[in-house]
Structures are given as structure tokens and as C-alpha cells.
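Okay, here's what each chain looks like letter by letter:
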Amino acid sequence: MSEENPILRVRDLVVEYAVREGVIRANDHVSLDVAKGLVNALVGESGSGKTTLVDAVMGTLPPNGYIRKGEIYFKDKNILKLNPEERRKIRWEKIAMVFQAAQNSLNPVMRVAEHFIDTVLAHKSMSKDEILRKAEELLKLVRLDPEQVLNAFPHELSGGMKQRVIIALSLMLDPELLILDEPTSALDVMTQHYLIRTLKEVHEKKGITMLLVTHDLPVVAEIADRVAIMYCAKIVEVGDVRKIFYEPLHPYTHGLIHSIPSIIGDLSKMRPIPGEPPSLLNPPPGCRFHPRCPYATEKCKKMEPPLVEVEKGRLVACFRYA
Amino acid sequence: MATLFAATTILFIVVHNIPGDVIYVWVYDIVETYGVSWEEAERIARVMFLGYEPDKPLWQQYIDYIRNLLRGNLGYSPTFRLPVNAIVASALPWTLFILSLSLSTSFIIGVLLGMFIAWKRKTIIDPIVSAYAAFTDATPDFVTAMLLFIFLAVRLGLFPLKGAYDAEIVTPGFNLPFIANVLWHAALPVLSYVIEHIGAWTLLMKGSAVSVLEEDYVRAAIARGLRESRVVTAYIGRTAIIPLVALIAISIGSMMGGSILIETVFTYPGMGYFFAQAIGRMDYALMQGLFFLIIAGVILANLVVDLIYPIIDPRAREE
């Protein structure tokens, strides 16, 4: 698909955290393209480095995290090379993000309306009336009652409402890329479903590129166009959503797809991946998946498989296809 | 109200159990000053304290005291030969002036500094402030006051030795020379408080701000591309200051306690100064009156904090 025209290109990114036990490499030579105009999903288990990747893109890594090497291009501009002021301007104006704990993303002592005003005024001059009018429009888009919500304090809203406020807020400056980090994880199933529908609508109406970070495969199947699978700080497979779900190549992807429980299916047919995900503090040598992989060979234990393009728009890091 | 009543009762009991009898302080004074005999002096002293009846049973004295208190009469001070109300009326404004000036100065500077340290994380100011706070917390405030007095007032003569203003030079009122003179006299007492309290405020604010720093909404504010100054003030400072506001009331109490010695060092005519005099002179009425005011002040400060808390923290508002 539009692999030739990615809006965001991550190249060879290495991100580490300094912890008491040593250094955790949460992103190990990660390369990823985010295709323009599509819903891109980044899928992986907790602790696989998904959030680290998007934090590196936003420049919101925790204080003990740092980028060791690599480049992040936003439309051919390496954003890691920008000065702080240029970087600040890109945030939200070009790349907006809905955080993992979106419920806590609002300042508890500020009214919702002030968040909208604050955000816009940090980037451009606009009258308060104009800002609020636009905010009302966006709140309606995410199916909230603007009058009720704008004057409320965050603690007066429900979790799902706050989540939708953040989504409205993220669209305030018409960003070109919207990153959603686990947007559904803290919500109940009904609210989740509702939110996904809202996101779909937003995507259709605004044509905005999305990067959806999640471990929720049904959600991915519902709205994503392209999928990247992350395992233990590395990207193991990239492809279109149908290919990933129907013809997974990497043994990990295969295991992941087959571990989704289904309501009508027989639970005994579910095949969880054996073993535990390895610790990032001390990852296994060679292919990170080899201790859990049914096809592992001697080669897998010693050498790391590179991420190679096996067909157009389809990348996989496994010696079975290299 | 109940607190106030309980406090005054305990106060009465404690004050009246201080060993010693006020009359002999005076008798001794009269003997020293006029060179009369002990018996003669005792007679004069008893005449002088017309309202003082040490032979009345204590419970009777207590009832008199409470009755007067309810009428707003704090009693009569034999030491100064003035009603306690009059002494309080002249002393209270000075103490309030000094305390509010010191509290606001140390609070504002401490909060700003604490916020800055928390935001910048590993700066060299951090350990310096911690060491400073430990040092000043361990130093009694009157020691600080005495050092300032000795070096800046006595040795260098930069500041006045006593009083709240020079009555010979300026006339009280809303005129510039008077205000300047008042500030000049207040400078060292205020400085003593500020030196003593600023480290603690800074550390408290730093601790509070560091915990807010970890909040998701701060990260979200950065991601929204807000300017650093805006993030630090409106997102970190604004929420981090909330727990500190509650501490202001407590701080007022401890500052009033500190005023006894600080005002005495600078011979500053505030409540603390008269308090020290009252204790030295075994002046029960004055002691009780001033104690009562300090207690009322602390209770009032707590009440004010309770009232403004919902304003600064919307989460504390009732639905």
C-alpha cells in the first residue's frame, strides 16, 4: 500500500531506560513506517516496548529513558534533530496523542474548556470564542454534550467521557498524525465499542492518519489497515491487517492470533503461546522468540533474524522466510 | 468554639499553676527601686493591684475570667497598668504585620524555588537547599534573630536597635517616610522568620511538585506542546501548592510561638514582646489574654484555610 509515502518513519531506533538493576533496552533497533491516511496498528504484549516507541516519537519519555541512537522522520524531517522550540511546535500541531491513561490526562484543577484554550494558545493566536466554538464542534463529533462538558472539572466526568474529551482535544489543531496509546484498555466493553466507533467516524470524516497502539486484537481487526507486531523490544512482522490475521508468517504472530478467545468457539482449541515473555533486562541471544518457538533451530539461538521484506508491504523477522 | 473554650480552660489551669506569686515580683521591684522595707513594699504592691485578689479561690477566679472573656474583656495588666485589651490593640497590628509579611515572603519564594528545583531535577541547588533547610530547622529562631541583631544592627548599624518606628522622626499615618521607617524597623524581624522558614517551604513544595511531576496530565500537557513556563506554573505548581495551603495555618501557630523570642530580641512592640514581659512579670492577666488571642488566631487561620480550600481545589467542593 502507500509504503512509499509514509508520514512517519522510525529508523533503527534504540531507546533505553536506566534502572537500578542496569539498563533496559525497550526499543532495540526498531524501524517502522506509518502509512499516511491509514489506521496503523502497533500490536504487542505489555512490556514489549510499544509505548516507549510512541513516547520517543512524542518526546515524552520518562526522565530515566533516553534515545541511544536512531532517527525519527516526520515527513522527511528528523524530529530528533530539532531544537526544543521547533519540537514543541510539532507536538499536537502535527502529531497529537491520546495517552494510555487518558482518564488522568486532564489537569484536575482546570475546567475542560481551559484545556482547549491552553492547547490552542500554545500554538496560535485565536480568540477564546473561536476556540470554544471549535471545541464544541469536536465534542459533538465524539458525541458529548459540549455545554455540560466544557464547564465541568475532570473529576465530574466519567472515564469514557474523559477519553472522548481527550480525543476531541487531540483533534483541536487538526494534526496530521494521531497516536492512540491503548485508548480502550481502561474502559469497559460497551464504552470500548463506542469509542472504536467514534474513532472510525473521526478517521472517515477527517482522513487523519492514526497510529493505534494496543494489545487488543479484536479492536485491531475492527479498524486497522496495517499492523506491526512487536515482541520483546523488536518489530517482528509488518503487513496489511487481512494478511496478518489470515496468513501470519512469524511464529509469534501466529501464536498471538490463535490465542484470541472467541465466544462461539471451543475454548479447548485455544492455543496459548508456551512460556513467558523474556525479561528486557536480560533478553535471550539470537532470535528473541526462540525459547518459545516450535520451529527454533540452532541458527535462531545464535543469530538475530533481520526484518526483511518478503513481499510488497510485508516484512518479517524470521529465518524461515529470510 | 468548643475548641476555643477547651483551650482557654486548659490555659487558665496551666497559667495558674506556674510556680511563684506575682506579688513578690513587684515587692522585689519596689524594694529595689524605692529602697523601702519589704513590708512597706508589700503594702504598696497590694494597693497597686486593686483588681488582683490572689486569695480568692481559683474556681472563683476562673468564673470571673470566663465571664469577662465573654464580655470581650481580657482583664487588667498590673505590669503595664493598662487593660489587656488596650495592650492587645496596640500590639496585635504589629505582629500581624510582621507575620503576614514574613509568611508571604517565605511562602512565595519557597514555592517558586521548590517548583523550580522539582522541574529542573538534578541541579546543585537541590542539595544546597536541603542542607540549608536542615540547618535552619535545627537552629532556634531566636538564635538567627540574635545573630542578625548583633551583626546587622549593633555592629554595622544598618538597622534600628528597637521599636516599630521612630516616633521623633516620623508621624504615624499614610505617608511615605512613615512607611519607609516602619519597613526599616520590620526588616530584621521579618528576615529572621524568612531565613528560618524559607528552607522548609522550599522542601515541602519540591516534594509536592515532584509527586505531581509524575502525573499523566503533566506528560499530556508537554505532549500538547504547551510552553515550559505554562506547564510548570499551571499544571505542576497549581496542583502542587494545594497541600501547602493547609500547612499555612499550622505555620501561623508556630510563627506566633517564635514571635515571643524574636520580638524580644528586637524589642519590637508586638504580641510576642508583651508575652515575654508578661511571663517575666508573672502577669497572669496579660499572659492569658495573649494566649487566648494566639489560640483564637490559629483557630481562625484553620477556619480560613477550610474555607479557601475548595476554591483552590475543585475536587474538595461539595456537589
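Residues numbered from 1 in each chain as written. Chains lettered and ligands numbered in written order. Predicted model: local features only at pLDDT ≥ 70, side-chain atom pairs only at ≥ 80, totals over all residues. Heavy atoms only, no water.

**Quick look at the overall build of chain B**
Note the threshold: Strands are runs of DSSP state E lasting at least two residues, helices are runs of H or I lasting at least four, and both sets are numbered from the N terminus onward. Whether two residues are in contact is decided by their heavy atoms, any of which lying within 4.5 Å being enough. Reported accessibility uses the Shrake-Rupley method at a 1.4 Å probe radius. Residues are deemed covered only where the shown protein chains occlude them. The positive count covers Lys and Arg only, the negative count covers Asp and Glu only, and His and the chain ends enter neither. To locate a charge, take atom NZ for lysine, CZ for arginine, CG for aspartate or CD for glutamate.
If you tally the helices and strands in chain B, you get 13 helices and two strands. Overall, chain B is about 85 × 55 × 40 Å in size when its C-alpha atoms are taken along their principal axes. Of the contacts formed within chain B by residues at least 6 apart in sequence, a portion of 71% connects residues at least 24 apart. As displayed, chain B has an accessible area near 16400 Å², and 69% of this comes from carbon and sulfur atoms. If the 20 positive side-chain charges of chain B are averaged to one point and the 25 negative ones to another, these points end up 11 Å apart.

**Overview of the confidence of the model for chain B**
Residue and element names in this part refer to chain B. Selection criterion: pLDDT expresses how confident the predictor is about each individual residue, on a scale running from 0 to 100.
Per-residue pLDDT for chain B averages 85, and the proportion of residues at 70 or more is 94%. Model confidence for chain B, summarised as mean pLDDT per element, is weakest for helix H3 (residues 38-48) at 72 and strongest for helix H10 (residues 228-240) at 93. Listed scores for the predicted complex are pTM 0.81 and ipTM 0.85.

**Section: the nonpolar core**
The test is simple: Within this scheme, the nonpolar core is defined by two criteria: the residues are buried Ala, Val, Leu, Ile, Met, Phe, Trp, Tyr or Cys, and they are joined through side-chain atoms within 4.5 Å. Between buried and exposed lies partly exposed: a residue is buried under 20% and exposed over 50% of the maximum accessible area for its type, with that area taken using a 1.4 Å probe on protein chains only.
With 103 residues, the main nonpolar core has A:Leu8 and A:Phe116 as its most contacted residues. When near neighbours in sequence (up to four residues on either side) are disregarded, A:Leu8 contacts A:Leu32, A:Asp33, A:Val34, A:Val57, A:Ile72, A:Tyr73, A:Phe74, A:Ile95 and A:Leu177. With 75 residues, the next largest nonpolar core counts B:Leu148, B:Ala186, B:Ala209 and B:Tyr235 among its residues.

**Overview of the sheet that holds strand E11 (residues 308-311) of chain A**
All names here are of chain A. This is how it is decided: Strand pairing requires that DSSP identify at least two bridges connecting the strands. To obtain each axis, a line is fitted to C-alpha atoms, and for helices this fit is confined to the stretch in contact; angles are then taken between N-to-C directions over 0 to 180 degrees.
As summarised here, the arrangement of the eight strands in space is E6-E7-E8-E3-E9-E10-E12-E11, forming an open sheet in which the pairing is mixed. Two strands bound the open sheet, and with one partner strand each, they are strand E6 (95-98) and E11. Strand after strand, the sheet turns through a mean of 25° between neighbouring axes, direction not considered. One ladder, built from three bridges, connects E11 with strand E12 (residues 314-316); its direction is antiparallel. The residue of E12 that forms the bridge with glutamate 309 is leucine 315.

**A few points about the packing of helix H8 (residues 176-213) of chain B against H10(B)**
Residue and element names in this part refer to chain B. As a reminder of what qualifies: Note that the term roughly parallel is reserved for angles under 35 degrees, roughly antiparallel for angles over 145, roughly perpendicular for angles of 65 to 115, and oblique for everything else. Here a crossing is taken to be left-handed if its near helix is turned anticlockwise relative to the far helix by less than a right angle, and right-handed if that turn runs clockwise. Residues were grouped as follows: Ala, Val, Leu, Ile, Met, Phe, Trp, Tyr, Cys and Pro as nonpolar; Asp, Glu, Lys and Arg as charged; and all remaining residues, including Gly, as polar.
The contact between H8 and H10 brings their axes to 8 Å, and the two run at 125°. By the criterion of interaxial angle, the relationship of H8 to H10 is oblique. Relative to H10, the crossing made by H8 is right-handed. Contact residues: H8 offers Met205, Ser208, Ala209, Val212 and Leu213, while H10 offers Tyr235, Ile236, Gly237, Thr239 and Ala240. The residue inventory of the contact of H8 with H10, partitioned by class, reads seven nonpolar, three polar and no charged.

**So, empty space enclosed by the protein**
Residue and element names in this part refer to chain A. Heads up, the rule is: Think of a 1 Å grid over just the protein atoms. A cavity is a set of points where a 1.4 Å probe fits yet cannot get out, a pocket is an open set with protein on both sides within 12 Å along at least five of seven lines, and lining residues have an atom within 4 Å of a point. Grid points are joined across faces, edges and corners, and a volume is the space filled by probe spheres set on the points.
The full count for this structure, using the stated rule, is four cavities of 30 Å³ or more. There is about 70 Å³ of room inside the largest cavity. Surrounding the largest cavity, 13 residues form its lining, Pro251, Cys287, Cys293, Cys300 and Cys318 being those nearest its centre. For the lining of the largest cavity, the per-class residue count stands at 10 nonpolar, two polar and one charged. As a volume, the second largest cavity reaches approximately 60 Å³. Looking at the second largest cavity, the residues that line it are Leu32, Asp33, Val34, Asn40, Ala41, Leu211, Arg226, Val227, Ala228 and Val238. Of all elements in the fold, only strand E2 (22-35), strand E3 (39-44) and strand E9 (226-231) reach the threshold of two or more residues within the lining of the second largest cavity. For the lining of the second largest cavity, the per-class residue count stands at seven nonpolar, one polar and two charged.

**Focus on the confidence of the model for chain A**
Parts of the model with low pLDDT should not have their predicted coordinates read in detail. For chain A, the mean per-residue pLDDT works out to 90, and 96% of the residues sit at or above 70. Averaged pLDDT values for the elements of chain A fall to 87 in helix H7 (residues 189-206) of chain A and rise to 96 in helix H3 (residues 112-121) of chain A.

**Some words on the layout of surface pockets**
The volume enclosed by the largest pocket comes to roughly 930 Å³. Around the largest pocket, the lining is made up of 30 residues, and of these A:Gly59, A:Thr60, A:Leu61, B:Trp119 and B:Ile222 lie nearest the centre. Counting residues per element, the lining of the largest pocket draws most heavily on helix H2 (residues 84-93) of chain A, which supplies five residues. Along the lines of polarity and charge, the residues of the lining of the largest pocket split into 15 nonpolar, four polar and 11 charged.

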